[in-house]
Amino acid sequence: MTRYRGRFAPSPTGPLHFGSLVAAVGSFLEARTRGGDWLVRMDDLDPPRVVPGAADDILRALQACGMVWDGEVVHQSTRSDAYHSALHRLRAKGLVYPCACSRREIADSAIAGVEGPVYPGTCRAGLPPGKAARALRIDTRGGTIAFEDALQGRITTALEQEVGDFVLHRYDGVYAYQLAVVVDDAEEGITDIVRGADLLGSTSRQIYVQHLLGLPQPRYAHLPVAVNAAGEKLSKQTLAAPLDAAKPLPALVAALSFLGQQPPRELARATIRELWDWAMRNWSLARVPRVATERVPSLPNDER
């Protein structure tokens with residue numbers, strides 16, 4: 001049997017907030033209760049979105065919460081050579097092509113898909129005369145992906161019709177998340193991915209790339225995404241309050257409750273160690289709500 005290896009891969013675009021904490025707690029408990037490893041990776045591929053110091057702030061918050069990871073923290077910003085190699089393999093197979101289309105051009109000629117306009121394949125047969133490449137896309141013709149998510153059920157995606165040929169590398173030198181995460185998960189031997197359902201739409205694309213590169217497919221469980229009263233995902237853009245690393249216990253108890261674990265009231269007065277002792281004994285993925293989004297519970301002092 002392959003040893004369980006899970007991971008938490010936040011984007012360092014700001015401090016850890018309740019929405020990210022839920023993903024961390026769920027992935028951590030699922031790994032630890034299965035006797036497995038729990039790794040941390042920073043998704044810092046896109047330099048303009050990275051906030052200086054945010055990665056260290058996230059790591060300190062995890063430590064304050066008592067979540068200890070295994071091995072060294074991987075930063076995707078240092079992994080360009082690995083992504084280049086994978087992209088070269090796909091190009092050698094004739095699966096990747098240059099694209100000159102701008103976002104506006106795509107929007108003007110595309111139909112709406114599961115996550116925005118579906119790229120219509122304009123540049124598959126070659127770049128239009130006088131046009132320069134803006135990105136490298138992967139050919140999705142015939143790509144239908146089906147997988148069983150442990151929480152969200154059976155997911156089937158006809159990639160060409162619902163997503164279109166998606167970008168793997170941008171003209172400004174940035175590798176796409178869909179490529180980087182596949183390469184990193186395979187290299188780190190990740191067997192199970194527990195993360196928020198906001199990334200459910202990306203999973204079929206990642207499985208497609210895994211198959212084309214001949215890489216193993218992890219198991220998936222997509223947790224409910226924490227949303228505010230307006231139904232918006234908690235994020236930097238929606239002004240989600242950072243976790244109070246000096247007093248993380250209320251947020252941890254709330255995260256367990258959010259994940260359907262029904263923590264007893266006395267945990268509110270426990271130590272961090274006592275909370276994790278209880279959580280390790282009582283964690284059950286089967287009790288996590290099988291929904292894509294869930295409203296954030298009220299936290300003491302509005303700590304979210």
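Residues numbered from 1 in each chain as written. Predicted model: local features only at pLDDT ≥ 70, side-chain atom pairs only at ≥ 80, totals over all residues. Heavy atoms only, no water.

1. Considering the nonpolar core
Note the cut-off: To form a nonpolar core, buried Ala, Val, Leu, Ile, Met, Phe, Trp, Tyr and Cys residues must be joined to one another through side-chain atoms within 4.5 Å. For every residue, the accessible area obtained with a 1.4 Å probe (protein chains only) is divided by the maximum for its type, and the residue is called buried under 20%, exposed over 50%, and partly exposed between those limits. Only DSSP runs of H or I covering at least 4 residues are called helices, and only runs of E covering at least 2 are called strands; the numbering of each starts at the N terminus. For this analysis, residues touch if any pair of their heavy atoms sits within 4.5 Å.
Judged by nonpolar contacts, the single largest core of 51 residues is most densely connected at Phe 18, Leu 21, Val 25, Trp 38, Leu 62, Met 67 and Trp 276. Broken down by secondary-structure element, the contributors of at least two residues to this core are α1 (18-33), β2 (37-42), α2 (54-64), β12 (219-223), α8 (249-258) and α9 (272-282). Among the elements that line this core, the one with the most residues is α1, at 9 residues. Apart from the residues within four sequence positions on either side, Leu 62 is in contact with Phe 8, Leu 16, Ala 24, Trp 38, Val 40, Met 67 and Trp 69. By size, the runner-up hydrophobic cluster in this structure holds 32 residues, among which are Leu 168, Tyr 175, Tyr 208 and Tyr 220.

2. Observations concerning helix α6 (residues 177-187)
Of all the 11 residues making up α6, 8 are buried; the element is thus mostly covered by neighbouring parts of the structure. For α6, the full list of buried residues reads Gln 178, Leu 179, Ala 180, Val 181, Val 182, Val 183, Asp 184 and Asp 185. Buried-residue contacts for α6 involve β1 (5-8), β2, α3 (80-92), β10 (167-170), β11 (192-196) and α7 (200-213). Positive backbone phi, approximately 70 degrees, marks Gly 189, located one or two places after α6.

3. Section: the packing of aromatic side chains
When we look at a pair of aromatic rings, we describe it by the centre distance and by the angle of the planes. Cut-off, in case you're wondering: Centres within 6.5 Å make a pair out of two Phe, Tyr or Trp rings, where for Trp the six-membered ring is used; the pair is then stacked when the planes are under 30 degrees apart, edge-to-face when over 60, and tilted otherwise. By definition here, charges over rings are those cases where NZ of Lys or CZ of Arg is within 6 Å of the ring centre and within 35 degrees of the ring normal.
What the rule picks out here adds up to 6 aromatic pairs. On the numbers, 5.0 Å between centres and 80 degrees between planes, the contact of Phe 28 with Trp 38 is edge-to-face. Of this pair, Phe 28 sits in helix α1 while Trp 38 sits in strand β2; the two residues are 10 residues apart in sequence, bridging distant segments of the chain. The exposure classification of Phe 28 matches that of Trp 38, with both residues buried. On the basis of an interplanar angle of 70 degrees and a centroid distance of 5.0 Å, the ring pair of Phe 28 and Trp 276 is categorised as edge-to-face. Placement of Phe 28 in helix α1 and of Trp 276 in helix α9 is noted, with a sequence separation of 248 residues between them. Of the two residues examined, Phe 28 and Trp 276, each falls in the buried class. Members of the aromatic cluster, connected to one another through ring pairs, are Phe 8, Phe 28, Trp 38 and Trp 276. Taking the ring centre of Tyr 171 as reference, the NZ or CZ of Arg 134 above it sits at 5.5 Å. Sitting over the ring of Tyr 119, Arg 137 keeps its end group 4.0 Å from the ring centre.

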